[in-house]
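Breakdown of the fold
Residues per chain, in single letters:
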Amino acid sequence: MTKKVHRRMFLKSMLYFAFAGLALSAGGYSYSRYLEPKLLDVEKIEFTSPKLPQSFSGIKAVQFSDTHLSDHYTLEQLKNIKESINALSPDLVFFTGDLIDDPLHYKEKNGIISQLADIKAPLGKFSVFGNHDHGGYGSNIYAEVMMQSGFTMLKNESRDIRLADGAVITVSGLDDLMLGKPDYQNLEKGLSEETFNILLAHEPDAWLHTKKLAVDVQLSGHSHGGQVQLPFYGPLITPPFADIYTEGLYEYGEKKLYVNRGLGTTRVPFRFLSMPELTVFTFNKA
């Protein structure tokens, strides 16, 4: 990493921590520390595509991301998220990375499994690695927790979802850009221009490359929507590989990227104008 990049990250970090002081002095500490991080915004998005098989039209998928389980995001909060997801009756569930803030030292892994295993999705539950899932030698821990919870781990690979009438769509997953080993060539092998393809990629800026592949929809997290935003300015700071695409829906012709703001917090336990999010996608044939 160059000195210029180090300097830019240092300046961004100073802005971020300056906000914490500003929030405290302005009386916003309690809101950004204790209230907004515990709120939940359920975003509803509709995707239409002529590539979607008719028998898949109307299927519902829920995306959740970036729980960062820790003292600041508890198993009780995860239980509430599980109940919120099940209340939406999804056909598919996608987790786009960063389950535990520090997986090597987290002591309640069995509690995570009991909650995630209770999530219901008749067409499947899928997940990918985030940078915190790989961090601190946590890769095997994360993979084991997700697999024991009934999630299919996708690492530069694809899985077909096939209905009884033979109709197929594909769900793919890219390994984490920061600490994993993303393999675009291997990913591309599982993609067909004839099939409707959903890609899970933790870092949204992967779209700079993946939008050139046979990807119809990419779902990402990682950015936390900046976690702290200012009115008329936007995020004060976003992590690497969330510099360009930070929140919400982006389009490239018929292709779509959606960036989920995530649920937990990291580095500092604040959220301001960047409410925790569940996203509900309805897919319809155009």
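Residues numbered from 1 in each chain as written. Predicted model: local features only at pLDDT ≥ 70, side-chain atom pairs only at ≥ 80, totals over all residues. Heavy atoms only, no water.

It is worth spelling out the overall build of the chain at this point. Tallying secondary structure elements over the chain gives eight helices and 14 strands in all. Since a compact globule built from 286 residues should have a radius of gyration of about 19 Å, the 18 Å found for the chain is in line with a globular shape. Counting only C-alpha atoms and orienting by the principal axes, one finds that the chain spans roughly 60 × 40 × 35 Å. A total of 286 residues make up the chain; the buried ones form 54% of that total. Total accessible area on the chain is roughly 12,900 Å²; 55% of this is exposed by carbon and sulfur atoms. Averaging the coordinates of the 29 positive side-chain charges in the chain and doing the same for the 33 negative ones gives two points 4 Å apart. (Helix = DSSP H or I, 4+ residues; strand = E, 2+ residues; numbered from the N terminus. Rg over C-alpha atoms; globule rule 2.2 N^0.38 Å. Buried < 20%, exposed > 50% of the residue type's maximum accessible area, 1.4 Å probe, protein only. Areas by Shrake-Rupley, 256 points an atom, 1.4 Å probe, with all protein chains shown as cover. Lys, Arg positive; Asp, Glu negative; His and termini not counted. Charge placed at Lys NZ, Arg CZ, Asp CG, Glu CD.)

At a minimum axis distance of 9 Å, the contact between helix α3 (residues 75-87) and helix α4 (residues 109-116) shows a crossing angle of 10 degrees. Taken as axis vectors, α3 and α4 run roughly parallel relative to one another. The residues of α4 that touch α3, namely those facing Leu-75, Leu-78, Lys-79 and Lys-82, are Gly-111, Ile-112, Gln-115 and Leu-116. Across the contact of α3 with α4, the residue classes tally to four nonpolar, two polar and two charged. (Axes fitted to C-alpha atoms, helices over the stretch in contact; angles between N-to-C directions. Parallel < 35°, antiparallel > 145°, perpendicular 65-115°, else oblique. Contact = heavy atoms within 4.5 Å. Nonpolar A, V, L, I, M, F, W, Y, C, P; charged D, E, K, R; others polar.)

Spatial ordering of the open sheet is given by β1-β14-β2-β3-β4-β5, a layout of six strands whose pairing is mixed. What marks the edges here is a single partner per strand, and that holds for β1 (41-49) and β5 (152-153). Where strand β2 (residues 59-64) meets strand β14 (residues 277-285), five bridges bridge the pair, whose relative direction is antiparallel. By the bridge assignment, Ala-61 is partnered in β14 with Phe-281. (Pairing = 2+ DSSP bridges.)

Generally speaking, soluble globular proteins have nonpolar side chains that are buried together. In this structure, Phe-64, Leu-99, Ile-112 and Leu-116 are the most contacted members of the largest nonpolar core, which totals 30 residues. Per-element tally for this core: the top contributor is helix α6 (residues 139-148), with five residues. Sequence-distant contacts of Leu-116, defined by excluding residues within four places in its chain, comprise Phe-64, Leu-78, Leu-99, Lys-125, Met-146, Ser-149 and Phe-151. The next biggest cluster of nonpolar side chains, apart from the first, holds 23 residues, and it includes Phe-47, Phe-126, Val-217 and Phe-283. (Core = buried A, V, L, I, M, F, W, Y, C linked by side-chain atoms within 4.5 Å.)

The next subject is a nonpolar patch on the surface. Where nonpolar side chains cluster on the molecular surface, the patch consists of Tyr-31, Leu-35 and Leu-39 and spans about 230 Å² of accessible area. Looking at the secondary structure, you find Tyr-31 in helix α2 (residues 29-35). Accessibility expressed as a relative area gives 31% for Tyr-31, which makes it partly exposed. (Patch = residues over 30% accessible without salt bridge, like charges linked within 9 Å, V, L, I, M, F, W, Y side chains within 5 Å. Salt bridge = Lys/Arg side-chain N within 4 Å of Asp/Glu carboxyl O.)

The next subject is the packing of aromatic side chains. Scanning the entire structure with this criterion turns up 15 aromatic pairs. One aromatic cluster is present, built from ring pairs that chain together Phe-47, Phe-196, Tyr-258, Phe-281 and Phe-283. Against the face of Trp-207 rests Lys-211, its NZ or CZ located 5.4 Å from the ring centre. (Phe/Tyr/Trp six-rings, centres within 6.5 Å; stacked < 30°, edge-to-face > 60°. Lys NZ or Arg CZ within 6 Å of the ring centre and 35° of its normal.)

A few words on the pattern of salt bridges. Using the criterion set out here, one finds eight salt bridges in the structure. Across the salt bridge formed by Glu-247 and Arg-261, the nearest N and O atoms sit 3.1 Å from each other. In this pair, Glu-247 is assigned in the loop between β11 (234-235) and β12 (248-252) and Arg-261 in the loop between β13 (255-259) and β14, connecting sequence segments 14 residues apart. On the basis of relative accessibility, which here comes to 29%, the residue Glu-247 falls in the partly exposed class. On the basis of relative accessibility, which here comes to 6%, the residue Arg-261 falls in the buried class. The network of salt bridges with common partners includes Asp-41, Glu-247, Arg-261 and Glu-277.

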